[in-house]
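# Structural characterization, general
Chain by chain, the residues:
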Amino acid sequence: MSPADHQPFQAGFDEIRKAAATRQRAFAEAPVPRIHIGMATCGIASGALETKAAFEQALARHGIDARIHTVGCIGHCYAEPFVIIDHPESGFPPIFYPEVNAGKANMLTKLFLAEGDPRFEHILGATEENDMIPWIGEFSRFNQEKRVVMEKCGHIDPEDIYEYIAAGGYETLPDMFRRSPKEIIQQINDAGLRGRGGAGFATGLKWELAADQPGDAKRVICNADEGDPGAYMDRTILESNPHQVLEGLIACAYAVGAHKAIIYVRAEYPLAVRTITKAIRQASELGLIGNDILGSSFDLDIEVFHGSGAFVCGEETALIRSIEGFRGMPRHRPPYPVERGLWGTPTVINNVKTLASVAPILKNGAAWYRKIGTDNSPGTAIFSIVGDVVHPGLIEIPMGVSLRTLIFDICGGIPNKKKFKAVQIGGPSGGCLPEEFLDTPIDFDSLTEAGAMMGSGGMVVMNEDTCTVDISRYFLDFTQKESCGKCTFCRIGTYHLLTILERITEGKGSPADLKNLAQLSQDIKNGSLCGLGKTAPNPVVTSLRYFKEDYEAHVSEKRCPGMMCRPLIAFYIDLEKCARGCDACVGCCPVEAVFTTRNRKKGIDQSLCVKCGECMVACPPEYDAVRKVSPPELAPIIERPAEPLKDEK
Amino acid sequence: MNFVLDAQEKSLLEQIKTKLPEIGNDRSKLIPVLQLIQAKLAYLPAEAIHVVAAHLDISPSEVYGVATFYNQFRFHPPGKNAVKVCLGTACHVKGGDIILENFERKLEIKEGETTADREFSVDRVACVGCCALAPVIVVGETVHGHMQPSKVEGLVLRARIEKEKQEREKQQK
Amino acid sequence: MVTLSVDASKIEIAAGTNLLAACLQNDIYVPNLCYIEGMDHPPASCRLCFVEIEGKDAPVPACTVEVRHDMAVRTDTPGVRRLQKTALQLLLSVHDVDCKNCPANRNCALQDMAKFLKIALKSKHLDLFLKKSKIDLGHPFLEYYPNRCVLCGRCIYVCRAQQAHTQLTFAKRGFDTVIGFFGNPQSSPPSCDTCRACAEACPVAALLPKP
């Protein structure tokens, strides 16, 4: 090993790394089974805590010595809570089990850990190639992903910094301190990294602009104020691998010459707040944050700020105002935060995913990063895909993959033999794209051109039973509620858009409303002060462009083609199919709208019905007697019998 | 904002007051201080606004203006069973609004309100990030996935029975 | 000094001047509400003072631009007018157009701009949304009329310039935003009773001294 003076900053780090390796070896070489459990928020919501407790109790009961290893989220939400059991003695490779509840945990402990039977019927796959069990690397949900940002998510314990270091974490620091900040910026520029917060601004350029400002009272902020109602990748990264974000943040601060950094994370993400706070403490204890990091004489202090829940605070200038203790209302730019930001000092604000991309670039080089993705959008994109797909979850793919590949290959397509109708990309700022766009490559520019937006990376896949007017109404309801109220167009304009959409979904819209929607959307786009207002009409604009027929059906026929808009639908019971004396629908109706009619068959009182659809779910499939129709007039009228009928019973 | 503080809340507020000096009093501490108070009291009573204003040497109006901007802060006490119905995109598509309506109907309150007996409150939240479990609600800290309108009644009933049981036990003691 | 052209006129003015101020000082009217001369960072929130500047592809609010030498500005293009008309119509769609009973009648920024932009005070194609509460008497010395208020923030700006402990603030958020007060008579500074700067700054008589 080279002496410290030849490799400055290396010696201190090597010592830390050695400690990490020793711990790792102790864990890896212990001759006992290892049970990895995903314990991010989504895993816990699915019952991972109960699963973990069940394993602990069962292991104690059977007297088995095994290690329970809590890891973050692997991104396979459909499989939560997931467990990977590595039982070397059994002769099987590590096995991935989906949906392991307490019962399954008991069973696996007894049958697999104690008796060596892996219970093939419960296996999703093996995590290594082998001859016995299909390898998950052969499944398209796994092998078409390219993990750069989320590489270690779900594999390491996020609460143990040594695991990150043993997996190669913080390795870039000694080398970085040997180079000048200019060289670091150059490398990020060469890699072509673009901001993952949505707009895709060149990260290197942003750093350069801040670095060029005089003085050293500069600040860097990690923006984890994820507010899109359907995107949760930032939370997942903070919960599953916080140190990769910190490593990027240190590089960013070093490059721009800042000694203060803030992580702005939503208070609604308690686990993420806890994990990142703990990570900062651990990194400080090892001297990777604080004064004179690794003897480089570079100081950096990192704080966590809890965002109080305002979508608009994802906007840079609003975020700054809220840290300063004011209402988070955006300000006109210029001046840009890189010139005059937090407390008037040059401030770089980067998204979680952007910062998490930095360490891999510094480690593997700009050329390596350039090989992933497309020319204009190098690297990977992370989407949270929800809605009508077989395998929802978080997916990291190289930029340039088509929507079709993503939805149909990787996510397994649309369940229940339904047809694809639309995909909504980018949340409240994004747009709804129809089937014609399925071959669009996913990158910043192509999506913007199609009228959607990379945005937050939220993606909702919708089948033929979806109403695009209702989806637009939903997003406008969100942006309208989250508008800060500062500028006229956003404050009042989005309210008008919403009321018009509400009118249409209630069947009270007119052709003039459609014209108004289009014009107002245009003006709000052009006239609003900040990004929230400028993009708020996107869901309306795109759905009006690609799904005009949906709007027209609502307006001229008072019909909802996706049968989602409740004022425009009705449920009725097909008396031909209804079975006598079955009371399933009666029992589940929350408003007692279902009544018994002649022959002890059932009818629905339309004046009471709230159209929740419970009866349709409750009706046994062998009868399948509940029908949903639009417009509501199509439902045959079944009169509620006069009182005496009840007495007959 | 005319809830009267009970003795316990008053003493909590006094406790908080003694802690404030160590937090510091520059303007940027406004939101952290409000968060601290809400963490202890579960809401921001009018008295608290005045305490914060005095501590930071700004007008109560200023504190109120900031507090009313953010979704996190509430001005009336939540119920013992604080129900949050997720209306994120995935939950919306799967009928989250129907779940919300069911709570409103069952509890006879509107979203954002608390029942007169302070047992329940119902709020909507933008997204709790458990989209694959949609529709989702959170009661206290517990996430309930794959909700159905018919499950709403069960939840409410269970909480009420639980309460009655506790009261009976109290009486027996 | 720099020279720039605004519509047909040539203007000579100190470098660094705000473009909106430059126009207004030279008697070129550009509709505006929230701007007050001397503001360090104008809020640019009313979205009325749009102009087109040669070289920029979309209209920009004049209050956000500093004059530059040889700048060519147009204040009356169709793009500018469309945005101004929509902005004003939006403001009027939440405004109680009850001019007869309003002290600002004939001395009202909204009336002036509607006349200038040739639009009706009552819109045909936008619904009218009024807040339930007509008047807020919470402030010890002021009456506040939420259905007149255009939320330009001038009152807050001038109050802050006079008082360290301003009683005026934006409260709530989004469509529900109002000018809010919180406190009691004791907590307002004694000078508040006589100052009146906020009421004088209000362009629409939404803030009036209590009789």
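Quick notes on the rules
- Residues numbered from 1 in each chain as written.
- Chains lettered and ligands numbered in written order.
- Predicted model: local features only at pLDDT ≥ 70, side-chain atom pairs only at ≥ 80, totals over all residues.
- Heavy atoms only, no water.
- Helix = DSSP H or I, 4+ residues; strand = E, 2+ residues; numbered from the N terminus.
- Buried < 20%, exposed > 50% of the residue type's maximum accessible area, 1.4 Å probe, protein only.
- Contact = heavy atoms within 4.5 Å.
- Salt bridge = Lys/Arg side-chain N within 4 Å of Asp/Glu carboxyl O.
- Axes fitted to C-alpha atoms, helices over the stretch in contact; angles between N-to-C directions.
- Parallel < 35°, antiparallel > 145°, perpendicular 65-115°, else oblique.
- Nonpolar A, V, L, I, M, F, W, Y, C, P; charged D, E, K, R; others polar.
- Domains from an automatic or database assignment.
- Buried area = accessible area lost by both parts, 1.4 Å probe.
- Polar contact = N/O pair within 3.5 Å; in protein donor to acceptor, adjacent residues only side chain to side chain.
- Pairing = 2+ DSSP bridges.
- Phe/Tyr/Trp six-rings, centres within 6.5 Å; stacked < 30°, edge-to-face > 60°.

Attention now goes to the overall build of chain B. In terms of helices and strands, chain B carries 7 helices and 5 strands. Reading the secondary structure of chain B in the N-to-C direction produces α-α-α-α-β-α-α-β-β-β-β-α. Overall size of chain B, expressed as C-alpha extent along the three principal axes, is 50 × 50 × 25 Å. Residues counted as buried form 53% of the 173 residues belonging to chain B. Of the contacts made within chain B by residues no fewer than 6 positions apart, 64% connect residues no fewer than 24 positions apart.

Our next topic: the pattern of salt bridges. Here the structure, examined in full by the defined rule, presents 54 salt bridges over all chains. As a salt-bridge pair, lysine 418 of chain A and aspartate 465 of chain A come within 2.8 Å of each other at their nearest N and O atoms. You can see lysine 418 of chain A sitting in the loop between helix H16 (403-410) and strand S12 (420-425) and its partner aspartate 465 of chain A sitting in the loop between strand S14 (458-463) and helix H18 (468-482), a full 47 residues away along the chain. With relative accessibility at 37%, the residue aspartate 465 of chain A sits in the partly exposed group. Note that glutamate 153 of chain B and lysine 106 of chain B form a salt bridge whose closest N and O atoms lie 3.7 Å from each other. Separated by 47 residues along the polypeptide, glutamate 153 of chain B in helix H7 (residues 149-172) and lysine 106 of chain B in helix H6 (residues 96-107) bring together distant segments of the chain. Shared partners join several salt bridges into a network, and the residues in it are Asp14, Arg17, Glu171 and Lys363 of chain A.

All names here are of chain A. Running from N to C, H18 and helix H22 (residues 538-546) point in directions that differ by 170°, and their axes come no closer than 9 Å. Between H18 and H22, the angle is such that the two are roughly antiparallel. On the side of H18, the interface is formed by Thr468, Ser472, Phe475 and Leu476, while H22 contributes Pro539, Val540 and Ser543. Taken together, the residues that form the contact of H18 with H22 break down as 4 nonpolar, 3 polar and no charged.

In this section: the domain arrangement of chain A. All names here are of chain A. Assigned domains of chain A: these are domain 1 (31-138), domain 2 (161-370), domain 3 (380-466), domain 4 (469-556) and domain 5 (569-648). On a C-alpha basis, the centres of domain 2 and domain 3 stand 28 Å from each other. Between domain 2 and domain 3, the residue contacts involve 18 residues of the former and 19 residues of the latter. Regarding the contact of domain 2 and domain 3, the summed buried area is about 1300 Å², with carbon and sulfur atoms giving 61% of it. By the criterion of area lost to domain 3, the three top residues of domain 2 are Arg196, Tyr232 and Met233, representing 37% of everything that side buries. In this structure, the connection of domain 2 to domain 3 is made through 1 salt bridge. For aspartate 445, the salt bridge identified is with arginine 194, shortest N-O distance 3.3 Å. Linking domain 2 with domain 3 are 4 residue pairs in polar contact (both at pLDDT 80 or more). With 3 residues, helix H10 (residues 233-240) is the largest single contributor of residues to the side of domain 2 that touches domain 3. By residue class, the composition of the side of domain 2 that touches domain 3 is 8 nonpolar, 6 polar and 4 charged.

Residues and elements named next belong to chain B. Spatial ordering of the open sheet is given by S2-S3-S1-S4-S5, a layout of 5 strands whose pairing is mixed. Every interior strand has two partners, whereas the edge strands, strand S2 (113-114) and strand S5 (142-144), have only one. Seen against the sheet, H6 touches strand S1 (81-86), strand S3 (120-125) and strand S4 (137-139) and runs at an angle of roughly 150° to S1.

Moving on, we come to the packing of aromatic side chains. Residue and element names in this part refer to chain A. The final tally for this structure, using the stated rule, is 25 aromatic pairs over all chains. Centroid distance phenylalanine 96 to phenylalanine 142: 6.1 Å. Interplanar angle 85°. Geometry classified as edge-to-face. In this pair, phenylalanine 96 sits in strand S4 (residues 95-97) while phenylalanine 142 sits in helix H5 (residues 140-143), placing the two residues 46 residues apart along the sequence. Assigned by exposure class, phenylalanine 96 and phenylalanine 142 land together as buried. With centroids separated by 5.0 Å and ring planes inclined at 75°, the aromatic side chains of phenylalanine 311 and phenylalanine 478 adopt a geometry described as edge-to-face.

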